[in-house]
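Structural features, examined
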Amino acid sequence: MRNKTRILVEGALAVAMTVAFSYIRLWRMPQGGSVTLENVPLLIFALRHGLKYGVGAGFVAGIIQLTLGGYVVHPVQALLDYPLAFAALGLAAFVRKPLWGGLTLGTISRLFCHVLSGVIFFGSYAPEGTNVWLYSIIYNGSYMVPNLILGIFVTYLVWGRLSRIGQ
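Keep in mind it's a predicted model, so treat the numbers as computed, not measured.

1. Re the overall build of the protein
Scanning the protein from terminus to terminus reveals six helices and two strands. When the helices and strands of the protein are listed from N to C terminus, the series reads α-β-β-α-α-α-α-α. Its C-alpha atoms give the protein a radius of gyration of 16 Å, within 12% of the compact-globule value 15 Å for 167 residues. Going through the 167 residues of the protein one by one, you find that 46% of them count as buried. Put simply, 70% of the contacts in the protein that link residues at least 6 apart link residues at least 24 apart. Carbon and sulfur atoms provide 71% of the accessible area of the protein, an area that totals close to 9,000 Å². Put simply, the protein has 12 plus and 4 minus side-chain charges, and the middle of one group is 20 Å from the middle of the other.

Here it is in structure tokens:
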């Protein structure tokens with residue numbers, strides 16, 4: 001019981017930090033998306049506690065992000081860009097070593113959700129004659145790749161200290 005309480009509290013902290021970090025933007029894209037540290041708490045949480053907890057915390061963080069001002073054009077788009085995208089970060093738990101492997105898997109999984117949303121709902125923003133898949137990959141990758149690089153850097157900075165705290 002004590003371990004589950006600890007995981008619940010750590011998950012709540014990861015969700016809260018994710019939401020807080022989403023407001024500290026290093027770069028903001030014109031049609032949504034930004035370079036932030038919001039992925040880091042959820043990725044670390046998933047790596048520490050596994051798939052089920054990581055996906056669950058990500059889903060909750062996505063719902064909160066959506067509730068606090070998400071951009072919605074369609075209910076399916078809202079689902080793809082918020083709860084499913086953040087839940088996808090939990091897939092980092094599949095690759096715990098090397099650390100960067102899990103971080104990359106989680107971030108690419110989130111990127112996939114945004115790319116799919118972009119193709120389905122925002123393809124009209126693509127310049128005339130441009131493949132919508134390519135446009136969505138380039139647009140969403142332009143902020144998710146820096147998020148990945150930043151996330152790897154920050155996670156490696158704090159991972160050693162977190163490992164000593166225990167599971």
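2. Describing the packing of helix α5 (residues 99–121) against helix α6 (residues 132–165)
At a closest axis distance of 9 Å, the pairing of α5 and α6 adopts a crossing angle of 155°. Looking at the two axes, α5 sits roughly antiparallel to α6. The hand of the α5/α6 crossing is right-handed. Class assignment for the residues of the contact of α5 with α6 results in 16 nonpolar, nine polar and one charged.

3. A word on the environment of Gly102
Structurally, Gly102 can be placed in helix α5. Classification of Gly102 by relative accessible area gives buried; the value is 0%. A sequence separation of 64 residues divides Gly102 from Glu38, and the C-alpha atoms of the two residues are 16 Å apart. In this structure Gly102 touches Leu47, Ala92 and Val95, once residues within four positions along its chain are discounted.

4. Some words on unusual backbone geometry
Pro98 follows Lys97 through a cis peptide bond whose omega is 0°. Locating Pro98 in the fold gives a position in the loop between α4 (75–88) and α5.

5. Considering α6
Of all the bends in α6, the greatest, near 45°, is centred on Trp159. Taken as a whole, α6 has its buried residues at Tyr135, Ser136, Tyr139, Asn140, Gly141, Tyr143, Met144, Asn147, Leu148, Gly151, Val154 and Thr155. Looking at where α6 begins, the residue whose side-chain oxygen comes 2.7 Å from the main-chain nitrogen of Trp133 is Asn131.

6. Structural notes on the packing of aromatic side chains
Taken as a whole and judged by the stated rule, the model has four aromatic pairs. Judged by centre distance (6.4 Å) and plane angle (75°), the ring pair of Tyr139 and Tyr143 falls under edge-to-face. Of this pair, Tyr139 and Tyr143 both sit in helix α6, separated by four residues, roughly a single helical turn. By relative accessible area, which is 13% here, Tyr139 ends up buried. Taking relative accessible area as the criterion, Tyr143 reaches 4% and is therefore assigned buried. Following the ring pairs from residue to residue traces out a cluster consisting of Tyr71, Phe122 and Tyr125. Lying over the aromatic face of Phe86, Arg110 brings its terminal NZ or CZ to 4.3 Å of the ring centre.

Scoring rules and cut-offs
Residues numbered from 1 in each chain as written. Predicted model: local features only at pLDDT ≥ 70, side-chain atom pairs only at ≥ 80, totals over all residues. Heavy atoms only, no water. Helix = DSSP H or I, 4+ residues; strand = E, 2+ residues; numbered from the N terminus. Rg over C-alpha atoms; globule rule 2.2 N^0.38 Å. Buried < 20%, exposed > 50% of the residue type's maximum accessible area, 1.4 Å probe, protein only. Contact = heavy atoms within 4.5 Å. Areas by Shrake-Rupley, 256 points an atom, 1.4 Å probe, with all protein chains shown as cover. Lys, Arg positive; Asp, Glu negative; His and termini not counted. Charge placed at Lys NZ, Arg CZ, Asp CG, Glu CD. Axes fitted to C-alpha atoms, helices over the stretch in contact; angles between N-to-C directions. Parallel < 35°, antiparallel > 145°, perpendicular 65-115°, else oblique. Left-handed = near helix turned anticlockwise from the far one by under 90°. Nonpolar A, V, L, I, M, F, W, Y, C, P; charged D, E, K, R; others polar. Bend = angle between axes of the 7 residues up to and from the residue. Polar contact = N/O pair within 3.5 Å; in protein donor to acceptor, adjacent residues only side chain to side chain. Phe/Tyr/Trp six-rings, centres within 6.5 Å; stacked < 30°, edge-to-face > 60°. Lys NZ or Arg CZ within 6 Å of the ring centre and 35° of its normal.

These figures capture arrangement, not role.
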